[in-house]
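Observations on the model geometry
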Amino acid sequence: MAQIIDGKQVSASVKQEVKDEAAKLREEKGLKVGLAVVIVGNNPASRVYVNNKKKACEAVGFQSFEYALDEATTQEQLLDLVNVLNRDDRVNGILVQLPLPKHIDEKTVINAISPEKDVDAFHPVNVGKIMIGEYAFLPCTPAGVMRLIASTGTEIAGKQCVVIGRSNIVGKPMAMLLLHESGTVTVCHSKTKNLKEICLGADILVVAVGRANFVTGDMIKEGAVVIDVGMNRLDDGRLCGDVEFESAEKKASYITPVPGGVGPMTIAMLMKNTLTAAKQQNGLA
Ligand code: GUN
């Protein structure tokens, strides 16, 4: 039976580290770290995420600046706001919550964020840096996954790592982080043949496909570390991951639950990136 990886506990320790360092910056350098969060429209899930980000800022002693814009906001108005935030010295990090309404081009908006303030690490400059291992910011969700794997004491070097999902936000950067730790990485996706066979070879399995209960226990190698990035809302309102937990926990050595696994880590790593941004902008990192 697998040991459960407690994302709440690991994220609390990351936030404590950030809080301690932010307090030191305030006391010794007079610096107050600031994060601007921009949300456009009324997507209920986005509202919850943005509120959680705001609460996390308060918990670690950051200033947060929230911009809740109307659904009808034009792309030009949003770009104007991003430009104002790029120039605002109180703002060390800028996060524009995705998805944006259909009439706004997400790429154009992401590209407008100053790479030095891009705490999501979505800007092409930061994506490129991830590729060559010169991280300005670690992409939040994959970085959170790496921290969860580390919390189990599992060595990544030389291990068979399988990532299911190839999104720009999770799958692709996830593969890079595992590769930089010398894992042997396979990326699977909707066109992959023999998915079960490939999964059965995985010592470390990271699942980010966005389909409830997609990976079942019969696809998991005995003793594997299983990380479930999925967050699917079932018809009855319950949250459920991409991994069928009941069958998977019988095979894995370690497994993340949903909720309470990867989810809390993403925000903790966002706080860490915002602290890094503040240090870099002030010549302290
Ligand atoms: N929407 C869902 N996840 C994220 C995230 O990590 N960052 C942003 N900006 N939007 C999101």
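As the structure is a prediction and not an experimental result, all values here were calculated from the model.

1. Some details on the overall build of the protein chain
Within the protein chain one finds 10 helices and 11 strands. Here the C-alpha radius of gyration of the protein chain, 19 Å, is about what a compact globule of 285 residues would show, namely 19 Å. Put simply, the protein chain has 285 residues, and 47% of those count as buried. Looking at the protein chain alone, contacts between residues at least 24 apart form 71% of all its contacts between residues at least 6 apart. Taken as a whole, the protein chain presents about 13500 Å² of accessible surface, with 50% of it coming from carbon and sulfur. Counting 32 positive and 33 negative side-chain charges, the protein chain places the averaged centre of each group 0 Å from the other.

2. Description of the site of the ligand
Taken together, Leu95, Val96, Gln97, Leu98, Asp120 and Phe122 are the residues near the ligand. Measuring from a nitrogen atom of the ligand, one finds a backbone N or O atom of Val96 at 2.8 Å. Take Leu98: an N or O atom from its main chain is 2.9 Å from a nitrogen atom of the ligand. Contact with the protein chains hides 78% of the accessible area of the ligand, taken as 280 Å² for the molecule alone.

3. Here's the deal with the pairing of strand β4 (residues 93-96)
Neither face of β4 is open: one carries Gly93 and Leu95, the other Ile94 and Val96, and all of them are buried. Relative to β4, strand β2 (residues 34-40) is paired through four bridges, and the arrangement is parallel. Bridged to Val37 within β4 is Leu95.

4. Regarding the nonpolar core
Of all hydrophobic cores here, the largest spans 52 residues; its most connected members are Phe62, Val145, Leu178, Val206, Ile227 and Met271. In terms of residue count, helix α10 (residues 262-281) provides more of this core than any other element does, 10 residues in total. With sequence-adjacent residues up to four places away left out, Leu178 is seen in contact with Met146, Ile149, Ile156, Cys161, Val163, Gly183, Val185 and Val206. Counting 18 residues, the second largest nonpolar core, distinct from the first, contains Leu195, Val207, Ile220 and Val226.

5. What about the sheet that holds strand β6 (residues 184-188)?
Strands pair in a sheet through their backbones, by hydrogen bonds, and they do so in one of two ways: parallel or antiparallel. A sheet is described by the order of its strands in space; here six strands give the open sequence β1-β11-β8-β7-β5-β6, paired in parallel fashion. In this open sheet, the two strands that pair with only one neighbour each are β1 (3-4) and β6. Sheet analysis places strand β5 (residues 160-164) next to β6, joined by five bridges and oriented parallel. For Val162, the partnering residue across the bridge sits in β6 and is Thr186. Lying over the sheet, helix α7 (residues 171-180) contacts β5, β6 and β7 (204-207), oriented at roughly 170 degrees with respect to β5.

6. Structural notes on the sheet that holds β4
Spatial strand order, β3-β2-β4: three strands in an open sheet with parallel pairing. Every interior strand has two partners, whereas the edge strands, β3 (63-69) and β4, have only one. Between one strand axis and the next, the sheet turns through 15 degrees on average, direction left out of account. Seen against the sheet, helix α2 (residues 44-60) touches β2, β3 and β4 and runs at an angle of roughly 160 degrees to β3. Sitting on the sheet, helix α3 (residues 75-87) is in contact with β2, β3 and β4, with an inclination near 180 degrees to β2.

7. Description of the pairing of β5
Most of β5 sits out of view: four of its five residues are buried. Running through α7, the crossover from β5 to the neighbouring parallel element β6 is right-handed. Alignment of β5 against β7, held across four bridges, turns out to be parallel. Of the residues in β7, the one forming a bridge with Val163 is Val206.

8. Points about helix α6 (residues 140-151)
For α6, built from 12 residues, the straight-helix expectation of 16 Å at 1.5 Å per residue is met to within 8% by its first-to-last C-alpha distance of 16 Å. Taking burial as the measure, the 12 residues of α6 include nine buried ones, the bulk of the element. Within α6, the full set of buried residues consists of Cys140, Thr141, Pro142, Ala143, Gly144, Val145, Met146, Leu148 and Ile149. Of the surrounding secondary structure, the elements contacted by the buried residues of α6 are α1 (7-29), α7, β7, β8 (225-228) and α10. Phi turns positive, to about 80 degrees, at Gly153, one or two residues after α6.

Reading guide: rules and limits
Residues numbered from 1 in each chain as written. Predicted model: local features only at pLDDT ≥ 70, side-chain atom pairs only at ≥ 80, totals over all residues. Heavy atoms only, no water. Helix = DSSP H or I, 4+ residues; strand = E, 2+ residues; numbered from the N terminus. Rg over C-alpha atoms; globule rule 2.2 N^0.38 Å. Buried < 20%, exposed > 50% of the residue type's maximum accessible area, 1.4 Å probe, protein only. Contact = heavy atoms within 4.5 Å. Areas by Shrake-Rupley, 256 points an atom, 1.4 Å probe, with all protein chains shown as cover. Lys, Arg positive; Asp, Glu negative; His and termini not counted. Charge placed at Lys NZ, Arg CZ, Asp CG, Glu CD. Near = heavy atom within 4 Å. Polar contact = N/O pair within 3.5 Å; in protein donor to acceptor, adjacent residues only side chain to side chain. Pairing = 2+ DSSP bridges. Core = buried A, V, L, I, M, F, W, Y, C linked by side-chain atoms within 4.5 Å. Axes fitted to C-alpha atoms, helices over the stretch in contact; angles between N-to-C directions. Right-handed = clockwise from strand over helix to strand, strands pointing away. Expected span 1.5 Å × (residues − 1).

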